[in-house]
Amino acid sequence: MHPTPAQPPRAAHDHEIESLAEFDEVVAEHGSLARFRVQAVDLTGRTTVLLGLDTAGAVFLGCPMDAAAAAHVRSAGALVFPPVPGLPFDPYRGFVYTPDELFASLDEGYEATPDARAYAWFQRTKDDGDVFASMLRAIHDDAVSDALDELLAGARVVGVMGGHAMARGTDAYAGAARLGRELTRAGFTVATGGGPGAMEAANLGAYAAPFGDDMLDDALRLLAKAPSFRPSVTDWARAAFEVRERWPGGEVSVGIPTWFYGHEPPNAFAAHLAKYFANATREDGLLARSTAGVVFLPGAAGTVQEIFDNATPNYYESRGEPTPMVLVDGGHWTRELPAWPLLRSLARGRAMESRIALVDRIEQAPEALKRLGG
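What counts as what
Residues numbered from 1 in each chain as written. Predicted model: local features only at pLDDT ≥ 70, side-chain atom pairs only at ≥ 80, totals over all residues. Heavy atoms only, no water. Pairing = 2+ DSSP bridges. Helix = DSSP H or I, 4+ residues; strand = E, 2+ residues; numbered from the N terminus. Contact = heavy atoms within 4.5 Å. Axes fitted to C-alpha atoms, helices over the stretch in contact; angles between N-to-C directions. Buried < 20%, exposed > 50% of the residue type's maximum accessible area, 1.4 Å probe, protein only. Polar contact = N/O pair within 3.5 Å; in protein donor to acceptor, adjacent residues only side chain to side chain. Salt bridge = Lys/Arg side-chain N within 4 Å of Asp/Glu carboxyl O. Expected span 1.5 Å × (residues − 1).

**Q** Quick one: what's the story with the sheet that holds strand 3 (residues 59-61), residue by residue and with numbers?
**A** On the basis of which strands lie adjacent, the open sheet formed by four strands has the order 1-2-3-4 and parallel pairing. Among the strands making up the open sheet, the edge pair consists of strand 1 (16-17) and strand 4 (79-81).

Written as structure tokens, this is what we have:
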């Protein structure tokens, strides 16, 4: 089993404090919070400590604290951004989400979950022209990006792209799951768009990697009871949590979904969910972090967009050496949606030419990816 993404060494973000344990560690080690950034840590139980600390140049982002402590740290030169009441999300959060967090209260129906409530807030505010709401979305998305960078530090990430329409119980879904399992067993960290369909299948396969091969077959049969997130997200999500409860301790993978497509709930098999309001930020971030290459399964407009979003920096080498791109299903990508001929024409004579491949079967994708990556 390959190492799972973990919190990186503090040297990478050595002035960020994202938990109460980290706060206590820094205070014990340095005796000062000068120039530190404290993100979304409840400090109401650390009033006495705060009153005795140097906080010059420190920034507190959404940290609950007593009024006396807040007044002291401000007077000592800190900048304090207080928590925003009434929001269904924390704009200053220090970590990416988990499925358990986003699907909390699922027993009451999907509409009661934090995921659904955040989407409802987004629907109410996205077009109202309120600069405060747009600022909150931007702060949230930047905090998620920062947390995702910390999470994936040093990981060999392979993106698996595909549409949300791929139904559980189909051969295509099973193939995408086997792909995620094989990539994970080969030492890669699988990253997807974090939604249903092909995205969920790849995250499921990654989750299944530590278990015997029969586990995935059994899980696929259980999930087929709720083939799609339509008409009921609740039933669809409950089936996934049933699999997780039956086989706890699956391997780690990452999902990077968005509330922009509110009809697409996140899936429960990605251990880490970096969910965004801004889809453009999410798309670019997912592809940029797929440093070991991307596999493109059959999809529609969104997957076509992702192919050329990925091809552009490879074409210009704006992110350095081109990364591998593997398109799966020759018929789909040459006849139904002929992205492959255009991609091949773009690549001709450039460094990326040796980093693209078209394969007919999903089983061929891992070997193609390893071959293109050298």
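**Q** If you had to explain the sheet that holds strand 6 (residues 189-192) to someone new, which residues and values would you point to?
**A** Strand order in the open sheet made by the seven strands is 8-7-6-5-9-10-11, with parallel pairing throughout. Each having just a single partner strand, strand 8 (272-273) and strand 11 (356-359) make up the two edges of the open sheet. Direction of pairing for strand 6 relative to strand 7 (residues 254-255): parallel, over a ladder of two bridges. Bridge assignment links Thr192 to a residue of strand 7, and that residue is Gly255. Each of strand 10 (325-328) and strand 11 is contacted by helix 14 (residues 339-347), which is oriented at about 155° to strand 11, the strand it contacts most. Contacts from helix 15 (residues 365-372) reach strand 5 (157-161), strand 9 (294-296), strand 10 and strand 11 within the one sheet, and its direction differs from that of strand 10 by about 160°.

**Q** Explain the environment of Arg93 to me, using residue names and the numbers behind them.
**A** Along the chain, Arg93 falls in the loop between strand 4 and helix 4 (99-102). By relative accessible area, which is 10% here, Arg93 ends up buried. Sequence separation between Arg93 and Arg348 is 255 residues, and the spatial gap between their C-alpha atoms is 44 Å. When sequence neighbours within four positions are dropped, the list of residues in contact with Arg93 reads Gln39, Ala40, Glu101, His140, Ala143 and Val144. Of note is the side chain of Arg93, whose polar atom sits 2.5 Å from the backbone oxygen of Phe95. Of the polar contacts made by the side chain of Arg93, one reaches the backbone oxygen of Val96; its length is 3.3 Å.

**Q** Could you give me a rundown of the pattern of salt bridges, with the residues and numbers involved?
**A** All chains considered together, the criterion is met by 14 salt bridges. Close ionic contact of Arg289 with Asp149 constitutes a salt bridge, the shortest N to O distance being 3.0 Å. Of this pair, Arg289 sits in the loop between helix 11 (279-288) and strand 9 while Asp149 sits in helix 6 (residues 131-151), placing them 140 residues apart in sequence. Salt-bridge contacts for Arg178 lead to Glu363; the nearest nitrogen and oxygen are separated by 3.8 Å. With Arg178 in helix 7 (residues 171-185) and Glu363 in the loop between strand 11 and helix 15, this residue pair connects regions lying 185 residues apart in the sequence. Overall, the relative accessible area of 35% leaves Arg178 in the partly exposed class. Given the relative accessible area of 45%, Glu363 is considered partly exposed. Beyond isolated ion pairs, a larger network of salt bridges with shared partners links Arg181, Arg185 and Asp213.

**Q** I'd like to hear about unusual backbone geometry, residue by residue, with values.
**A** A cis geometry characterises the amide bond from Arg230 onward to Pro231, with omega recorded as 5°. Of note, Pro231 is situated in the loop between helix 9 (213-223) and helix 10 (233-246). Non-glycine residue Arg35 carries a positive phi angle of around 65°. Mapped onto the fold, Arg35 is located in the loop between helix 1 (20-30) and strand 2 (37-39).

**Q** Help me get a handle on helix 7, residues and values and all.
**A** Over its 15 residues, helix 7 runs 21 Å from end to end, which matches the ideal 21 Å to within 8%, given 1.5 Å per residue. Listing the buried residues of helix 7 in full gives Tyr173, Ala174, Gly175, Ala176, Ala177, Leu179, Gly180, Arg181, Leu183 and Thr184. Remark: Gly187 follows helix 7 within two positions and exhibits a positive phi of approximately 100°.

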